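# Coordinate inspection notes
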Amino acid sequence: REEAKELDSIATRYADTVAKDFAFFGIVKEVNVDDEGLSDFSTKYYPGRQLYLDEALDFYHLLGDGAVRKMSLLRTFLSPIKLYRSIKEIGRRHTEKGIEQNMKGEGLVQGGVIVFDSEAKPRYVYQEKTGDELPTEEILAAMREVKGMAGDSTE
């Protein structure tokens, strides 16, 4: 939800510059599990953007099968203080951004962001990391590079 909201913000804020000519859409791996939550996600966090079902799971495979990065998770759970701080930080951030938690479905399945060039070749891949904010500057840099705008700051 947080990532979708950030991507929607990028698409909206940079619609006339770096985001121009990019299609922003979401991929889901399943339906008929929590359709109410999916509708809520689409309406509140990724409004006006298309969502597609990835029946073959091609995108999920490209993003590491949606699996939580095991070492990162293990390190967090081995330190109760770090775990507590991380949960508090995520909660604070989500409250500030008006993001509601959804405890249905597979909470440990993660997504990410793929930036494709005009020939549909992936040029940048970000695999979501639990608790981390979306690296918007990296994503914008990848989009600029694909568009041939590297270093262009006239946005």
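A few points on the structure. (Residues numbered from 1 in each chain as written. Predicted model: local features only at pLDDT ≥ 70, side-chain atom pairs only at ≥ 80, totals over all residues. Heavy atoms only, no water.)

So, on to helix 2 (residues 35-45). Residues G37, D40, F41 and Y45 constitute the buried set of helix 2. Summarising the axial view, the buried residues of helix 2 lie within an arc of 105°, below the 170-degree limit, and thus occupy one face. Seen from the open side of helix 2, the exposed residues pointing more than 90 degrees away from its buried face are E36 and T43. (Buried < 20%, exposed > 50% of the residue type's maximum accessible area, 1.4 Å probe, protein only. Helix = DSSP H or I, 4+ residues; strand = E, 2+ residues; numbered from the N terminus. Arc of directions from axis to C-beta.)

Here we come to the pattern of salt bridges. For the structure on display, the rule yields five salt bridges. For D8, the salt bridge goes to R49, with nearest N and O atoms at 2.9 Å. Taken as a pair, D8 in helix 1 (residues 2-13) and R49 in the loop between helix 2 and strand 2 (50-53) lie far apart in primary sequence, 41 residues in all. On the basis of relative accessible area, D8 is assigned to the buried category, the value being 15%. (Salt bridge = Lys/Arg side-chain N within 4 Å of Asp/Glu carboxyl O.)

This part is about unusual backbone geometry. Even without being a glycine, D21 presents a positive backbone phi close to 75°. Within the element layout of this structure, D21 appears in the loop between helix 1 and strand 1 (25-28). Although it is not a glycine, L57 sits at a positive phi angle of roughly 60°. With respect to the secondary-structure elements, L57 resides in the loop between strand 2 and helix 3 (58-62). Judged by its relative accessible area of 30%, L57 falls in the partly exposed class.

A word on the environment of L140. Looking at where L140 falls in the secondary structure, it is placed in helix 6 (residues 136-147). The class of L140 is buried, set by a relative accessible area of 1%. Setting aside residues no more than four positions away along its own chain, L140 makes contact with I10, Y14 and V18. (Contact = heavy atoms within 4.5 Å.)

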